[in-house]
Amino acid sequence: MVKVFIYPATSLMLSDLVARFGHEPLGSALSIRDHIQTPGFDSPPLQITPEDPKKGLRWAAVEVPSGVRGRMSVYGPLLDAAEAAIIVNDAEFAFGCMGCARTNELLIFRLKQKEIPILDLVYPKTQDEGVAFVASIKSFLKELGGGEE
Amino acid sequence: MKEYIPEYVGSVTKYVFVDSPDTTPQDLAIAAYEVAMGVMIKETCFGIQVTGSPDEVSRIIDALRKLDPYHIFVKDRGFPPGDQRRCRANLGGARPGYLGHEYEIGLARFISYGLRETDTMNDNDLLKAAVPIRRASPLDIDDLSTIIETEEA
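All of the points below concern the structure found in this document. (Residues numbered from 1 in each chain as written. Chains lettered and ligands numbered in written order. Predicted model: local features only at pLDDT ≥ 70, side-chain atom pairs only at ≥ 80, totals over all residues.)

## Overview of the overall build of chain B
We apply this condition: Here a helix means four or more residues in a row that DSSP labels H or I, a strand means two or more in a row labelled E, and each is numbered from the N terminus. Within these notes, the globule rule equals 2.2 Å times the number of residues to the 0.38 power, and the radius of gyration is based on C-alpha atoms. Exposure classification rests on a simple neighbour count of other C-beta atoms within 10 Å of a residue's own: a residue reaching 20 or more is buried, one at 12 or fewer is exposed, and one in between is partly exposed. C-beta atoms are placed from the backbone. Throughout, a pair of residues is in contact if the C-beta atoms placed from their backbones lie within 7 Å.
A tally of regular secondary structure across chain B gives 7 helices and 5 strands. The helix and strand sequence of chain B, counted from the amino end, reads β-β-α-β-β-α-β-α-α-α-α-α. Taking 153 residues into account, the globule formula puts the C-alpha radius of gyration at 15 Å, and chain B, at 22 Å, lies well above it. Each of the 153 residues in chain B was classed as buried or not, and the buried ones make up 27%. A separation threshold of at least 6 residues defines the contact pool for chain B, and within that pool the share at least 24 residues apart is 60%.

## Structural notes on the interface of chain A and chain B
Heads up, the rule is: Lys, Arg, Asp and Glu make up the charged group, whereas Ala, Val, Leu, Ile, Met, Phe, Trp, Tyr, Cys and Pro make up the nonpolar group; the residues left over, Gly among them, are polar. Between any two strands, at least two bridges found by DSSP are needed for them to pair.
In this assembly, 39 residues from chain A lie in contact with 39 residues from chain B. When residues of the side of chain A that touches chain B are traced back to their parent elements, those giving at least two are helix H1 (12-20), helix H2 (28-36), strand E3 (40-41) and helix H6 (127-144) of chain A. The dominant element in the side of chain A that touches chain B, judged by the number of residues it contributes, is H6(A), at 12 residues. Taken together, the residues of the side of chain A that touches chain B sort by class into 20 nonpolar, 12 polar and 7 charged. One ladder, built from 2 bridges, connects E3(A) with strand E1 (residues 3-4) of chain B; its direction is antiparallel.

## With respect to the pairing of strand E1 (residues 3-7) of chain A
Residue and element names in this part refer to chain A. Counting buried positions along E1 yields 4 of 5 residues, so the element is predominantly enclosed. In terms of strand pairing, E1 meets strand E2 (residues 24-26) through 3 bridges, oriented parallel. Its bridge partner lying in E2, Val4 is registered against Pro25. Across 4 bridges, E1 lies against strand E4 (residues 84-89) in parallel orientation. Paired with Val4 across the two strands is Ala84, which belongs to E4.

## Quick notes on helix H5 (residues 98-113) of chain A
Residue and element names in this part refer to chain A. In plain terms, the rule: Any helix carries an expected span of 1.5 Å times its number of residues minus one.
Given a rise of 1.5 Å per residue, 16 residues ought to cover 22 Å, and the 22 Å separating the end C-alpha atoms of H5 matches this to within 8%. Restricting attention to buried positions, one finds in H5 the residues Thr103, Asn104, Leu106 and Leu107. The inward-facing, buried residues of H5 contact E1 and helix H4 (66-81). In the segment just after H5, Glu115 is the residue with positive phi, at about 55°.

## Let's talk about the packing of H4(A) against H5(A)
All names here are of chain A. Heads up, the condition is: Lines are fitted to the C-alpha atoms to define the axes, a helix being fitted only along its stretch in contact, and any angle between axes, read from their N-to-C directions, falls within 0 to 180 degrees. Left-handed describes a crossing whose near helix is turned anticlockwise from the far helix by less than a right angle; the clockwise case is right-handed.
One way to put it is that H4 packs onto H5 with a least axis distance of 9 Å and a crossing angle of 35°. Seen from above, H4 lies across H5 with right-handed handedness. Of H5, the residues touching H4 (which contributes Gly67, Val68, Arg71, Met72, Tyr75 and Leu79) are Gly99, Arg102, Thr103, Leu106, Leu107, Arg110 and Leu111. Split by residue class, the contact of H4 with H5 holds 7 nonpolar, 3 polar and 3 charged.

Here you go:
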């Protein structure tokens, strides 16, 4: 079983397909779960505390805005654990504020720096593209090995 | 600032989405209750949420997937159901994250078709089918200005 980072990190389809073909999807829910299940001081809504932008320094430089560093403290541990990645480009629902946009750019940059197997895709808009989308992911995950159906 | 004592520590929550002509969220909920032991199951408009120990949730998900393998989609959720920071009962309006689900469930019919078609493919067929999706390039700015000038003339 290979740990596969998915981008967009909240993607239902990528999360499902990676798990379906026997690997472990690394999405933002895992980090959020860690954050909200850790005792500390109340800091709604995502239990991001003032410590998190400091932790984010591991993945982003000090001059990077604290919003991006705070977000990187959520994604960073997943980035470190990733052994492969699937990136869906131009995902409309990944559109967000400038903090999210810059974090997404940094995330993709760090993934590509990591020299792990990466599959680049776009979301399907027809049935034929749906076949190509699933076939691409299935063959990519098969090449990684260690999966099971 | 007050002390934060988390709930459901050590549990996992998974969303089970269904987009099928044959299976409803109610079918999923009943099937999940039939095999569940000590987990929390919440039926929603799009499927169900299952919260419990990782092993138990995984066992239930495996059982549910068999109901309608091409039309059931599963993902992790960070928050447990009904969490005041996320539940729309407390916030009003759509729950944060709902719009993402709405967008992706619109693609479910293509993915379901893809899953059905690739199910019987061997490795070579998969490689042949895995063609990169190409989108038409955006209109070139010079072409656009030419069109505008032609229209004006």
